[in-house]
Amino acid sequence: MSDSEGESGGGPDLGTIQRVELRDVWSHEAKEFTPWLAENIGVLGEALEMDLEVEDLEASVGSYALDILARDQDNRPVVIENQLEGTDNPHLGQLLTYAAGFDANVVVWIAKNFRDEHRDALDFLNRRTGEDTEFFGVEVELWQIDNSRRAPYFKPVVTPSEWRKRTVRPTGNVSRRRGRRQRYQAFYQELVDVLRKDGCFAEEPNITGRSWCVVSSHAEGIDYTASFQPRRKEAWVELMHRVARRSVFDQLRENRTAVESELGESLRWLEKHGGGGSCIAAYRPGSIDDDEEALAEIRAWMVERLLKFKQVFGPRLDELVV
């Protein structure tokens, strides 16, 4: 090729890749990064070669709150603690507190970068704990080509010694996990079909094969939700309030006695639940693994409570929500 051909730009048109500061996209760790990660948990799962399902956000351990509580494909508890800065000792202590509090089998620490001392600490824990407990250190990065959209990249920098061997899993475990999602899908589809016949909830509910189903949104930031809580082994019907609607939750709670009297039962009023928001929940024992007769009873209970929730909370929300 002549010099003129090289100067004419006959080669491939390539862009320039550059790293983006995490804070340019997620300015606040708890309010922005953690909810994003919960919604996109599959990105982290792909990096760890796991099928992760979020169970709770801001999950309480005494006076502390874990960023994300999840389950893996074998239904094992997974605790995930996030940092948008470099690792530090306080977060290492919190990580161990959460691991103990939830009796976790998988412990994931995400940070912008890992100090050598903290890599050594996780390696030490992987060597000294049993095979049923695994510690991961994961660095999170953001990359961009020219003016394209930013792309996250999760890079495991500390892994259990048996991790690579473990990634080839017996197909039975994967099938069991898929079967669980199919059970959730079927359960909520039947629940939605009953509600649709009633006509009380006009929206098309969001059925995802997860442990919860958003039945209807009264207004932006407020949802009627049916869910299973695997760790508690309970079924819930909830009025969910995201962070922006915290004032509505507070005003409803001022009338807690009247609300519970109208519903005819006590409720759970949780200030931190699901992305840092809050919820008001009716509850009963139950699991998606129960037999068909028990699941039919739970489904009927959920339908009854959802209708009663709308009857009791609906007029109040009309007055409070602008």
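What counts as what
- Residues numbered from 1 in each chain as written.
- Predicted model: local features only at pLDDT ≥ 70, side-chain atom pairs only at ≥ 80, totals over all residues.
- Heavy atoms only, no water.
- Helix = DSSP H or I, 4+ residues; strand = E, 2+ residues; numbered from the N terminus.
- Buried < 20%, exposed > 50% of the residue type's maximum accessible area, 1.4 Å probe, protein only.
- Contact = heavy atoms within 4.5 Å.
- Areas by Shrake-Rupley, 256 points an atom, 1.4 Å probe, with all protein chains shown as cover.
- Salt bridge = Lys/Arg side-chain N within 4 Å of Asp/Glu carboxyl O.
- Core = buried A, V, L, I, M, F, W, Y, C linked by side-chain atoms within 4.5 Å.
- pLDDT = per-residue confidence, 0-100.
- Axes fitted to C-alpha atoms, helices over the stretch in contact; angles between N-to-C directions.
- Left-handed = near helix turned anticlockwise from the far one by under 90°.
- Nonpolar A, V, L, I, M, F, W, Y, C, P; charged D, E, K, R; others polar.
- Expected span 1.5 Å × (residues − 1).
- Bend = angle between axes of the 7 residues up to and from the residue.
- Phe/Tyr/Trp six-rings, centres within 6.5 Å; stacked < 30°, edge-to-face > 60°.
- Lys NZ or Arg CZ within 6 Å of the ring centre and 35° of its normal.
- Pairing = 2+ DSSP bridges.

(A) Inspection of the overall build of the protein at higher detail. Looking only at helices and strands, one finds 10 helices and 12 strands in the protein. In the protein, which comprises 322 residues, the share counted as buried stands at 47%. At a minimum sequence separation of 6, the contacts of the protein that also span at least 24 residues come to 61%. Summed over its atoms, the accessible surface of the protein is roughly 16,600 Å², and 46% of this surface lies on carbon and sulfur atoms.

(B) Just the pattern of salt bridges, in detail. Throughout the structure, instances matching the rule amount to 20 salt bridges. For the salt bridge of Lys112 with Glu21, the shortest nitrogen-to-oxygen distance reads 3.2 Å. Linking Lys112 in the loop between strand E5 (106-111) and helix H5 (116-128) with Glu21 in the loop between strand E1 (17-20) and helix H2 (29-39), this pair joins segments that are 91 residues apart in sequence. Close ionic contact of Glu141 with Lys155 constitutes a salt bridge, the shortest N to O distance being 3.2 Å. Placement of Glu141 in strand E6 (residues 134-145) and of Lys155 in strand E7 (residues 151-158) is noted, with a sequence separation of 14 residues between them. Each of Arg19, Arg119, Glu139, Glu141 and Lys155 takes part in a single network of salt bridges with overlapping partners.

(C) Spatial organisation of the nonpolar core. Counting 39 residues, the largest nonpolar core has Phe228, Met302 and Phe313 as the members making the most contacts within it. Broken down by secondary-structure element, the contributors of at least two residues to this core are helix H7 (171-198), strand E8 (212-219), strand E9 (222-229), strand E10 (234-241), helix H8 (246-253), helix H9 (256-263), strand E12 (278-285) and helix H10 (292-320). Counting residues per element, this core draws most heavily on H10, which supplies 10 residues. Apart from the residues within four sequence positions on either side, Phe313 is in contact with Tyr224, Leu239, Leu252, Val259, Leu263, Leu267 and Ile280.

(D) Spotlight on the confidence of the model for the protein. Averaged over all residues, the pLDDT of the protein equals 84, while 85% of them reach at least 70. Within the protein, no element has a lower average pLDDT than helix H1 (residues 3-7), which sits at 45, and none a higher one than E5, at 96. Within the model, pLDDT remains below 50 along residues 1-8, and this stretch shows 2 contacts once partners closer than five positions in the same chain are excluded.

(E) Seen up close, the packing of H9 against H10. The contact between H9 and H10 brings their axes to 10 Å, and the two run at 145 degrees. The element H9 and its partner H10 pack so that their crossing is right-handed. Contact residues: H9 offers Ala258, Val259, Glu262 and Leu263, while H10 offers Lys308, Phe309, Val312, Phe313 and Arg316. Residue composition of the contact of H9 with H10, by class: 6 nonpolar, no polar and 3 charged.

(F) Inspection of H10 at higher detail. Compared with the 42 Å implied by 1.5 Å per residue over 29 residues, the 40 Å span of H10 between its first and last C-alpha is a close match. Where H10 bends most, at Phe313, the angle is about 40 degrees, and the proline Pro315 comes one to four residues later.

(G) Local environment of the packing of aromatic side chains. Per the stated rule, a full pass over the model turns up 11 aromatic pairs. An angle of 75 degrees between the planes, with centres 4.8 Å apart, marks the rings of Trp26 and Phe33 as edge-to-face. These aromatic residues form a ring-pair network of at least three members: Tyr184, Phe187, Tyr188 and Phe228. The lysine or arginine in question, Arg268, covers the ring of Tyr283, its NZ or CZ lying 3.7 Å from the ring centre.

(H) Region of the structure containing the pairing of strand E3 (residues 64-71). With 6 of 8 residues buried, E3 is to be regarded as a mostly interior element. For strand E2 (residues 53-61) and E3, the ladder comprises 7 bridges, and the chain directions are antiparallel. Within the sheet, the bridge partner assigned to Glu53 lies in E3 and is Arg71. Between the end of E2 and the start of E3, which pair antiparallel, lie 2 residues, with Gly62 showing a positive phi angle near 65 degrees. Adjacent in sequence and paired antiparallel, E3 and strand E4 (residues 77-82) are bridged by 5 residues, among which Asn75 carries a positive phi angle near 65 degrees.

(I) The arrangement of unusual backbone geometry in detail. Despite not being glycine, Asp103 shows a phi value in the positive range, around 50 degrees. Relative to the helices and strands, Asp103 resides in the loop between helix H4 (89-101) and E5. Overall, Asp103 belongs to the exposed group, its relative accessible area being 62%. A positive phi is found at Asp146, a non-glycine position, where the angle reads about 50 degrees. We classify Asp146 as partly exposed; its relative accessible area is 39%.

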